[in-house]
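# Topology and contacts: notes
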Amino acid sequence: MAKVQVLNVAVLDNPSPFGNPFQFEITFECMEDLPEDLEWKIIYVGSAESEEYDQVLDSVLVGPVPAGRHMFVFQVSKLWYVWKSFSMPKKT
Amino acid sequence: MKLLKPSWVSHNGKPIFSVDIHPDGTKFATGGQGEDSGKVMIWNMAPVLRDEDEKNENIPKMLCQMDNHLACVNCVRWSNNGLYLASGGDDKLVMVWKRAAFIGPSTVFGSSSKLANVEQWRCVTILRNHTGDVMDVAWSPHDVWLASCSVDNTIVIWNARKFPEMVTCLRGHTGLVKGLTWDPVGKYVASQADDHSLRVWRTMDWQMEANITKPFSECGGTTHVLRLSWSPDGQYLVSAHAMNNSGPTAQIVERGGWKTNMDFVGHRKAVTVVKFNPKIFKKKQKNGSAPKPGCPYCCCAVGSKDRSLSVWLTSLKRPLVVIHDLFDKSIMDISWTLTGLGMLVCSMDGTVAYLDFSLDELGDPLNEEEKNSIHQNIYGKSLAITSTEAQLSTTIIENPEMLKYQQERQSSAQLGPSSAGPEASAPKLNSVMNGESLEDIRKNLLKKQVETRTPDGRRRITPLCIAQLDTGDFSPALFNSAPILPSGSSMSNQLTSQLSSDSSPGPASSLGLRPGHDPMLTSPPAGAATKGPEDNKDGAKSGLLLTSASKIEPMKALDSRFTERSKATPGVTATISSIAGLVPLDRPKDGGGVSAPKDVKAKDDTSSDSEDKMASINKNLSFSKRKPELLMDGDGVVEKRKKGRPRKDKMAAPMAQPFMQMTPPAEREPSRVAAPPAALKLPTPSIKKAFSLQVSMEPSVFLEVENEVSLIAGSKLSQLRCSRDGRDWNTLLPSSVVTAAGSSDVLAVACQDRMLSVFSSCGRRLLPAIQLATPASALHCSAHFVMALTAGATLSVWDVHKQKALVKNESLLSILSGADTTVSQSLLTQQGVPVIGLSNGKCYCFSSSLETWTLIADKGDSMVQCADFRSCLPTHDAPVSSGPLAVMQGRNLNAGRLASRLSSTPHHLQQSMTLAFLENQLASALTLQSAQEYRYWLLIYARFLVNEGSEHRLRELCQELLGPVHKSAATAWEPTTLGLRKRELLREVLPVIVENLRFQRLFTEYQDQLELLRNK
């Protein structure tokens, strides 16, 4: 069995004004203590046909993760997505 | 009969393929198609049963929903104990679910907060072996196995006590296997497949018992499932879809000879499912009429593709009831409640129906006891050996004491995390964790969340832990009230044999063989066992003096490697060598017991000397508790034993010198193998220049011997130095000390001139030197007893305080029969009972009252291996592993190892074997005067008697413990045994008796008498 199981992803603040960030509340369960962080990504699926158009909007590390059930909110600015889609240079 | 279709039980209109009611009747599970996955749902039973509960908003209907199956779920089944739920689906997987007791609230995937799961069920195991859709799963009686069948034409039997272990895969069907059922007594499992056959498999050897094809030859493979069923009395097996004269039937197969003479006729289309009522019924007694000796009968529900359901009683020729048009599509599964009066039916159309019968319609259900007696009569084997809850409900408790005990038991059972108690009747909708509901957690999650930046600038979120994971998913204790003995016993067997077959340069003997080998080696060589400090502690606590690496010892050590690896200190090593007899046992052991200050000097010398000292023969033994820091000092001293003494040599017996440790000799001592006269039976230890040993830990007493210290008037004197809690004393002896031993009370040394001297712990000579007939072979002290085993194979034990001999020059000849038998282990218990372990696996102790050798343990005894008393082990106590009996029998008693296969031996045979074994243990503990062990085995024995219902023995046991109530001069009853008051023991036994309500009269009887005696 996989060590990590995603139990739920709830979209918060939905629907929301354009300027608000995306908020995903993620619940997952971990079977054993993880020595390293988990990496989560928000990917904008540009086209269902091909992964070529996938765009990683943001990625975040989550840790430490002891065995048990955990929750966190993954928040990413929509403006990020706008900027990225116009291939703007990265801004910190 | 009442009929209800609870519309709220649905998978959003998707087909429901399977339904199963939980054994406690408070919930039921459905399995079927989900949105784009398989779906298992658990529902509350209360709203189905009662109208008011259905309307009550606070009572949840759906308890949990699991979407983990990737494709349609074909079957859901609760284990008989109700702790687990197994589900099988089109994704080829079998999942086993368990209620997560301590886990917090959760929601259904993708939903917002509304559809909260009231109960948390977690998938604890996924069983993967099938290569096709799993069509049916079935738990064996007692939940020993789980069977699953699949369209890959196979049936897989899983070990339900050790998921995901597979017991076997039954091959033989040539078509899709679509149904499974276990024989209620666990002897067979039957399967029905699309290959027009019904096969019966034996659980004893997993071979096919019967292949029934005739009634199925005309069948077409048109049904989704073929769920067959076995009657609760085990006499009949009823198949799903069969044909008789081109009409669809459910074929009745008789157990005797697998004859197919009868069938259930009437359905217009193929029968998909047959389900027997778990109860056996007898005719309802009409008020006033004389009781008629009616034959008990069974009740069976048959569901068909023609959407109709029929319920049959085996006493009637016609069905009790036939219900048409209950569903829009084929019936897929039927489940009865354990009470036998309710039934849930599910259909492909996605609905469920509940049928409620009354006693008038079905008859009087037999209670568990009557059902058991039917089983007992037919098969000589009862299903429900232990008292069951069902029994509880029907038996009237007659005694307030009994009631109190029962209530205590029940409340403690419910406290346990494994309880699947009927608390589900009105669980709160909002699960609460730490006083905070899921809602609150969610609201504040974003605010509370800690976000940091890693050095490389990435965001890192610390997740909020909303629930601890409950661990120990498959602790066997959940299945069995007692921990199953670790499989280490068999594993260690393998390992030891592996080791013994090792050729000499193997790791086991490497220390002695490789000249260049560094004797300072502290880390254990591969294959060597690391001995945990725990082990040593055990030995010390019991105050046993234990010598030699016997057969038992390596096993113990190896086991400890598996169980205590984490605790092991690297410094504590025990190299296991070949098993008794191949070559003399080497057991280079760390010598931990060196007193620290002395040792510093010793160590320096050793490093240079030890390589040359290959020849010195020594063995050491794990006795004392050794502190790791001490070990670090001491491990510079490694004893070795010379190789290659011929096996048949009379000297070859691996006899130990207890607690010896080489300290570096001032001058090189030539290798010396004491070659005693040929008449001697037992080897004697060689004389070393000096050695030391730790006698006891509390108070810490060290003994050091230096031979030939000074020459006075031509005679060499030896020095015996002892330090006790920092205070030293020493004394001189006229001859070289061969071996020494000590306890916290006395010290004994045997000299080369066959003199045995006994000192008090302060160095006072307690006895004049005792002249032994032959040189001492082994010496033990325990409490105020001294035991000497001489080379002439005689044994003596003295009580130093009373200055009396307990055992006088007793010859070992009577037990040393057979050419190769040698003494492999010897020990003296705290009570002064000598115990001798032989290389043939037998263990004797000399009973001074009977003046004879008594056999207390035999490794080769098959009874020991077949005895199954695990269910009687106390759950909370750790097994007594420190008593002399346990030490001699090896800590991992093999008992019950072969017993795990429930049905492989006839029950009555196993029962007798277990009984014999337990009585043996009891008697042995008594002879060994090991009070703790006696009590331990007594309680197990009592529990076994209670479980098996052996009233006569139980009564006799109680009677013996109680003794005569009225004093009379004539009785020879002793109020105590081994220092334990018998009536106190009885007081401990009584709560055990309560566990079986059948014995409540017995309980009351003895309880009252005890009360009477107390008031006197």
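Placed above this text is the structure.
For clarity, every value in this text was computed on a predicted model and none was experimentally measured.

### Details of the overall build of chain B
A tally of helices and strands in chain B yields 20 helices and 57 strands. By residue count, 57% of the 1016 residues in chain B fall in the buried class.

### Structural notes on the packing of helix H17 (residues 931-948) of chain B against helix H19 (residues 982-994) of chain B
Residue and element names in this part refer to chain B. For the pair H17 and H19, interaxial distance at closest approach is 9 Å and the crossing angle is 30°. Accordingly, the angle class assigned to the pair H17 and H19 is roughly parallel. Once H17 is placed against H19, the crossing between them reads as right-handed. Taking contact as the criterion, the partners of Tyr-934, Arg-935, Leu-938, Leu-939, Ala-942, Arg-943 and Val-946 in H17 are, on H19, Leu-985, Glu-988, Val-989, Val-992 and Ile-993. Tallied by class, the residues present in the contact of H17 with H19 amount to nine nonpolar, no polar and three charged.

### A look at the pairing of strand E12 (residues 134-139) of chain B
Residue and element names in this part refer to chain B. E12 sits mainly inside the fold: six of its six residues count as buried. In this sheet, strand E13 (residues 145-150) lies alongside E12 in antiparallel orientation, the contact comprising five bridges. Paired with Asp-136 across the two strands is Cys-149, which belongs to E13. In textbook terms, the turn of a hairpin is the stretch between consecutive antiparallel strands, and for E12 and E13 this stretch comprises five residues, one of which, His-142, has a positive phi near 70°.

### Topic: the packing of aromatic side chains
Evaluation of the coordinates by the stated rule reveals 22 aromatic pairs over all chains. Plain terms: the ring middles of Phe-281 of chain B and Tyr-297 of chain B are 6.3 Å apart, the flat faces sit at 25° to each other, and that makes the pair stacked. Separated by 16 residues along the polypeptide, Phe-281 of chain B in strand E24 (residues 271-282) and Tyr-297 of chain B in strand E25 (residues 297-304) bring together distant segments of the chain. Pairwise contacts between aromatic rings join Phe-28, Trp-40, Phe-72 and Phe-74 of chain A into one cluster.

### Some details on the interface of chain A and chain B
Taken together, the contact pairs 32 residues of chain A with 36 residues of chain B. Interface of chain A and chain B: buried area, both sides summed, is about 2700 Å²; carbon and sulfur atoms make up 54% of it. Viewed at the interface, chain B and chain A are joined by four salt bridges. Seen at the junction of chain A and chain B, the total is nine residue pairs in polar contact (both at pLDDT 80 or more). Among the elements of the structure, strand E1 (4-12), strand E2 (22-30), strand E4 (54-62) and strand E5 (68-76) of chain A are those that each provide at least two residues to the side of chain A that touches chain B.

### Brief notes about the sheet that holds strand E45 (residues 746-751) of chain B
All names here are of chain B. A sheet is described by the order of its strands in space; here four strands give the open sequence E44-E45-E46-E47, paired in antiparallel fashion. A single partner strand is all that each edge strand has here, and the edge strands are strand E44 (737-742) and strand E47 (765-771). Pairwise comparison of adjacent strand axes, ignoring direction, gives a mean angle of 15° for this sheet. With five bridges connecting them, E45 and strand E46 (residues 755-760) associate as antiparallel partners. Bridging from a neighbouring strand, Val-749 pairs with Ser-757 of E46.

### So, the pattern of salt bridges
Residue and element names in this part refer to chain B. By the definition in use, this model includes 35 salt bridges over all chains. One salt bridge in this structure joins Arg-307 and Asp-325, with 3.4 Å as the shortest N-O distance. With Arg-307 in the loop between E25 and strand E26 (309-313) and Asp-325 in the loop between strand E27 (321-323) and strand E28 (331-336), the pair connects residues that are 18 residues apart, well separated along the chain. Asp-325 gets classed as exposed once you look at its relative accessible area, which sits at 56%. The residue Glu-1005 makes a salt bridge to Arg-955 at a minimum N-O spacing of 3.0 Å. Taken together, the residues Glu-1005 in helix H20 (residues 1000-1015) and Arg-955 in helix H18 (residues 951-962) connect sequence positions 50 residues apart.

### Topic: H20 of chain B
Here H20 of chain B spans 22 Å end to end across 16 residues, near enough to the 22 Å set by a 1.5 Å rise per residue. For H20 of chain B, the set of buried residues is Gln-1000, Leu-1002, Phe-1003, Thr-1004, Tyr-1006, Gln-1007, Gln-1009, Leu-1010 and Leu-1013 of chain B.

### What to know about the sheet that holds strand E8 (residues 93-99) of chain B
Residues and elements named next belong to chain B. The sheet built from four strands is open, its strands ordered E6-E7-E8-E11 with antiparallel pairing. For this open sheet the edge positions go to strand E6 (73-78) and strand E11 (121-128), each flanked by a neighbour on one side alone. Averaged over all adjacent pairs, the angle separating strand axes in this sheet is 20°, with direction ignored.

Calculation criteria
- Residue numbering note: each chain is counted from 1, following its sequence as written.
- As they are written, the chains are lettered A onward and the ligands numbered 1 onward, keeping that order.
- Given that the model is predicted, a residue must reach a pLDDT of at least 70 before its local features are reported, and side-chain atom pairs must reach 80 or more before they are shown or counted; all residues, however, enter totals for whole chains, interfaces and linings.
- Excluded from the side-chain calculations are hydrogens and water; all other atoms, namely the structure's heavy atoms, are used.
- A run of DSSP states H or I qualifies as a helix once it reaches four residues; a run of E qualifies as a strand once it reaches two. Both are numbered from the N-terminal end.
- Only protein chains enter the accessibility calculation, which uses a 1.4 Å probe; a residue whose area is less than 20% of its type maximum is buried, one above 50% is exposed, and one in between is partly exposed.
- Lines fitted to the C-alpha atoms define the axes, with helices restricted to the stretch that makes contact. Angles between their N-to-C directions range from 0 to 180 degrees.
- Each angle gets one of four labels, with under 35 degrees taken as roughly parallel, over 145 as roughly antiparallel, 65 to 115 as roughly perpendicular, and the rest as oblique.
- Crossing handedness is defined as follows: a turn of the near helix away from the far one that is anticlockwise and smaller than a right angle gives a left-handed crossing, while the clockwise case is right-handed.
- Working rule for contacts: check all heavy atoms of both residues, and any pair within 4.5 Å makes them a contact.
- Three classes are used, and their members are as follows: Ala, Val, Leu, Ile, Met, Phe, Trp, Tyr, Cys and Pro are nonpolar, Asp, Glu, Lys and Arg are charged, and the others, Gly among them, are polar.
- Think of it this way: DSSP has to see at least two bridges between two strands before they count as a pair.
- For Phe, Tyr and Trp, where Trp contributes only its six-membered ring, two rings pair if their centres lie within 6.5 Å, and the inter-plane angle classes them as stacked under 30 degrees, edge-to-face over 60, or tilted in between.
- In short, buried area is how much 1.4 Å probe accessible area vanishes from two parts on joining, totalled over both.
- Here, a salt bridge means any Lys or Arg side-chain nitrogen found within 4 Å of an Asp or Glu carboxyl oxygen.
- Here a polar contact means two N or O atoms within 3.5 Å. Within protein one must be a hydrogen donor candidate and the other an acceptor candidate, and residues neighboring in sequence count only if both atoms are side-chain atoms.
- Multiplying 1.5 Å by the residue count of a helix minus one yields the expected span of that helix.

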